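The lines below spell out each chain.
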Amino acid sequence: MQTESQSEIRVVYATLDVKSWMGALPSAAAVRPATCPCCHAPGCAVGGRVTLQGHGLRFRTQTGLDAVDGEPFDDELATRRYRCRSCGAVVTVVPAGLLPRTRYRPTTIVLALALWALGGLASAAVRRRVSAARTVAHEAGRGWASLRRWTRQAWDWWRLRRPAGGHVSGREAVEMLLQRLSVRARDGTGNLIADAVEAAAIFDGHGVCATPQEAPTS
Ligand SMILES: [Zn+2]
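Residues numbered from 1 in each chain as written. Predicted model: local features only at pLDDT ≥ 70, side-chain atom pairs only at ≥ 80, totals over all residues.

Structural notes on helix α3 (residues 123-130)
Where α3 is concerned, the buried positions are Val 126, Arg 127, Arg 129 and Val 130. Looking straight down α3, one finds that the buried residues subtend no more than 160° of arc, so they occupy a single side. (Buried ≥ 20, exposed ≤ 12 C-beta atoms within 10 Å, placed from the backbone. Helix = DSSP H or I, 4+ residues; strand = E, 2+ residues; numbered from the N terminus. Arc of directions from axis to C-beta.)

Shown next, in the form of structure tokens:
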């Protein structure tokens, strides 16, 4: 059996969204994965023997903005960990709508990109708008880098078709991104930003659910 330090940490997305998850943290049994993502053993075998055993909580710091006219928040979200008794893998279960390797939620990222690309705000102003005060100090100067990184990564996060050929500037790219995202809104309102925000929150980790994501980089 592998020790924890040797094994890769796998991430599995629950169907619960961030809001429901934070409203009432689900029990270890409620969100135990059906199978181990590494060895595919059943999480809880017939007869009740638990293979994916609860392995405590891990806290992830979250920061951001929930609405265009909202106040930036800072909070912590508890994720559930499991340890596979069959292969030793450590599995983290997170709610749908939590992006890998960033402390910002999809809503915040879309709002920040919209404020920058459509609202014409400078990146520093966007950073001040979406970051709660105590996170700004150590992130000073990184707002611009985050906006550009999100503009590059968002296509993969939501599996959107990138613009074909030619150079597309940052703000133009964001506008296309928001348009392509907004058509996926389940309850489309016709408002580009509102629809893009709604669609962005539907993130369940397709294709990224097996990567380590313990340390947010921005
Ligand atoms: Zn396993």
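Regarding the sheet that holds strand β3 (residues 73-84)
Read across the sheet, four strands follow the order β1-β4-β3-β2 without closing on themselves; strand pairing throughout is mixed. Every interior strand has two partners, whereas the edge strands, β1 (9-17) and β2 (52-64), have only one. Strand-to-strand twist in this sheet, taken as the mean axis angle between neighbours without regard to direction, amounts to 30°. Here β3 runs beside strand β4 (residues 90-96); their pairing, made up of four bridges, is antiparallel. In the sheet register, Tyr 82 faces β4, and the bridge partner there is Val 91. (Pairing = 2+ DSSP bridges. Axes fitted to C-alpha atoms, helices over the stretch in contact; angles between N-to-C directions.)

Observations regarding helix α7 (residues 192-200)
Among the residues of α7, those classed as buried are Asp 195, Ala 196, Val 197, Glu 198, Ala 199 and Ala 200. Where α7 is buried, its residues contact α2 (106-117) and α6 (170-182). (Contact = placed C-beta atoms within 7 Å.)

A closer look at unusual backbone geometry
Positive phi, normally seen in glycine, also occurs at His 40, with a value near 65°. Considering the arrangement of structural elements, one finds His 40 in the loop between α1 (18-23) and β2. Here Arg 159, not a glycine, exhibits a phi torsion of approximately 50°, which is positive. Here Arg 159 is to be found in the loop between α5 (143-157) and α6. You can call Arg 159 exposed: it has 8 C-beta atoms within 10 Å.

Some remarks on the packing of α6 against α7
For any two helices packed against each other, one specifies the crossing angle of their axes together with the interaxial distance. Their axes nearest at 8 Å, the elements α6 and α7 cross at an angle of 65°. Regarding the angle of α6 to α7, the classification is roughly perpendicular. Crossing handedness for the pair α6 and α7: left-handed. Counting all contacts with α6, which are made through Leu 178, Gln 179, Leu 181 and Ser 182, the residues of α7 involved are Leu 192, Ile 193, Asp 195, Ala 196, Ala 199 and Ala 200. The residue inventory of the contact of α6 with α7, partitioned by class, reads seven nonpolar, two polar and one charged. (Parallel < 35°, antiparallel > 145°, perpendicular 65-115°, else oblique. Left-handed = near helix turned anticlockwise from the far one by under 90°. Nonpolar A, V, L, I, M, F, W, Y, C, P; charged D, E, K, R; others polar.)

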